[in-house]
Amino acid sequence: MRTEPFERYVEDYEAWFERYRWVYLSELRAVERLLPGKGRELEVGVGTGRFAQPLGVEYGIEPAKKMALIARKRGIKVVRAVGEELPFKNNSFDCVLLVVTLCFVDEPEKVLKEAKRVLVPGGILIAGIVDKDSFLGRMYENKKEKSRFYRYARFYSAGEVIEMLEREGFEDIRVYQTVFHPPEEVKEIEPVREGYGEGGFVVIGGLKISD
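Below: a short report on this structure. If you're wondering where the values come from, they're calculated on a predicted model, not measured in any experiment.

### Observations concerning the overall build of the protein chain
Point 1. The helix and strand inventory of the protein chain stands at eight helices and eight strands.
Point 2. Radius of gyration (C-alpha) of the protein chain: 16 Å, near the 17 Å computed for a compact globule of 211 residues.
Point 3. Dimensions of the protein chain along its principal axes, counting C-alpha atoms only, are 45 × 35 × 30 Å.
Point 4. For the protein chain, with 211 residues in total, the buried portion stands at 55%.
Point 5. Looking at the protein chain alone, contacts between residues at least 24 apart form 69% of all its contacts between residues at least 6 apart.
Point 6. Put simply, the protein chain shows about 9,900 Å² of open surface, and 45% of that area lies on carbon and sulfur atoms.

This is the structure:
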């Protein structure tokens, strides 16, 4: 996990959610479509708790100390660890959430494997991503070197993440998309639509049917 920028630029990270409030709220709504809203839920790469808190996700994993402290203040039970080595027993959670996390981890397949391990049979993994093949993904990719955060990112397309989930044995894949305009042009909550290919932010969910 590339934690250095998340330790150094916490204020910038937090400011993004205020500056692009409508993008943030649109992303929340898209994630909410797949969130079961019951049982034990974990966010891997919880950051400052900007998603976990409003979505009611109780537990978080976060390697960056400063971010973890803010998430704890927001009421999240945070453990400092990385997604490749989750400090939880098998079959511990009903939902594992990753929001713009896969692009920052060192071994995304291992993170998904660990997420599956800690999920109960019938539990859901939800991955929110900036789709590399979307207008937003291309925009961020072109500006990577100027970004304090995204210069460390490796973006994936929705198709690539779906393939990753399928390789790990996740089933009943469902996909939603939102954010159909550049962030500075979004002045209200954007619609959430099924599928991918138009929206910059894509949410992909898959069920763990069995071990």
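What follows picks up the thread again.
### A few points about the environment of Tyr 20
Point 1. Tracing the backbone through its elements, the reader meets Tyr 20 in the loop between helix H2 (10-19) and helix H3 (21-32).
Point 2. The exposure class assigned to Tyr 20 is buried, which follows from its relative accessible area of 15%.
Point 3. Separated by 163 residues in the primary sequence, Tyr 20 and Pro 183 have C-alpha atoms spaced 6.5 Å apart.

### Side note on the pattern of salt bridges
Point 1. On inspection of all chains with the given rule, the structure shows nine salt bridges.
Point 2. Between Glu 58 and Lys 77 there is a salt bridge, and its shortest N-O distance comes to 2.6 Å. Pair noted here: Glu 58 is in the loop between helix H4 (52-55) and strand E2 (59-61) and Lys 77 is in strand E3 (residues 77-79), with a separation of 19 residues, a long-range link.
Point 3. The partly exposed category is assigned to Lys 77, whose relative accessible area is 44%.
Point 4. Residues Glu 114 and Arg 117 are paired through a salt bridge, measuring 2.7 Å at the closest nitrogen-oxygen approach. In this pair, Glu 114 and Arg 117 are both assigned in helix H6 (residues 108-118), three residues apart and thus about one turn of the helix distant.
Point 5. Judged by relative accessible area, which is 13%, Glu 114 ranks as buried.

### Some details on unusual backbone geometry
Point 1. Despite not being glycine, Val 100 shows a phi value in the positive range, around 45 degrees.
Point 2. Among the structural elements, Val 100 can be located in the loop between strand E4 (93-99) and H6.
Point 3. Phi at Asp 172 is positive, roughly 50 degrees, even though this residue is not glycine.
Point 4. The residue Asp 172 is located in strand E6 (residues 171-178) in this model.

### Considerations on the packing of aromatic side chains
Point 1. Evaluated as defined, the whole model comprises nine aromatic pairs.
Point 2. Members of the aromatic cluster, each reached through a chain of ring pairs, are Tyr 13, Trp 16, Phe 17, Tyr 20, Tyr 24 and Phe 51.
Point 3. Between the NZ or CZ atom of Arg 21 and the centre of the ring of Trp 22, over which it lies, the distance is 4.8 Å.
Point 4. Between Arg 193 and the ring centre of Phe 180, over which it is positioned, the NZ or CZ distance is 4.2 Å.

### Topic: the pairing of E6
Point 1. Direction of pairing for E6 relative to strand E8 (residues 201-207): antiparallel, over a ladder of six bridges. The residue bridging Arg 174 from the neighbouring strand is Gly 205, located in E8.
Point 2. Here two bridges tie E6 to strand E7 (residues 193-194), and the two strands are oriented antiparallel to one another. Directly across from Tyr 176, in E7, lies its bridge partner Glu 194.

### Remarks on the side chain of Thr 101
Point 1. Relative to the elements of secondary structure, Thr 101 occurs in the loop between E4 and H6.
Point 2. Setting aside anything within four residues of it in sequence, one finds Thr 101 in contact with Val 44, Gly 45 and Gly 128.

### Here we look at the nonpolar core
Point 1. In terms of nonpolar packing, the biggest core is built from 46 residues, with Val 31, Leu 55 and Ile 126 touching the most fellow members.
Point 2. For this core, the leading source of residues is H3, giving five residues.
Point 3. Among residues more than four places away in sequence, those in contact with Ile 126 are Val 31, Leu 34, Leu 35, Pro 36, Cys 95, Val 96, Leu 97, Leu 98, Val 203, Ile 204 and Gly 205.
Point 4. If you look at the next biggest cluster of nonpolar residues, it comprises 30 residues, including Ile 61, Phe 88, Leu 165 and Val 175.

Thresholds applied
- Residues numbered from 1 in each chain as written.
- Predicted model: local features only at pLDDT ≥ 70, side-chain atom pairs only at ≥ 80, totals over all residues.
- Heavy atoms only, no water.
- Helix = DSSP H or I, 4+ residues; strand = E, 2+ residues; numbered from the N terminus.
- Rg over C-alpha atoms; globule rule 2.2 N^0.38 Å.
- Buried < 20%, exposed > 50% of the residue type's maximum accessible area, 1.4 Å probe, protein only.
- Contact = heavy atoms within 4.5 Å.
- Areas by Shrake-Rupley, 256 points an atom, 1.4 Å probe, with all protein chains shown as cover.
- Salt bridge = Lys/Arg side-chain N within 4 Å of Asp/Glu carboxyl O.
- Phe/Tyr/Trp six-rings, centres within 6.5 Å; stacked < 30°, edge-to-face > 60°.
- Lys NZ or Arg CZ within 6 Å of the ring centre and 35° of its normal.
- Pairing = 2+ DSSP bridges.
- Core = buried A, V, L, I, M, F, W, Y, C linked by side-chain atoms within 4.5 Å.

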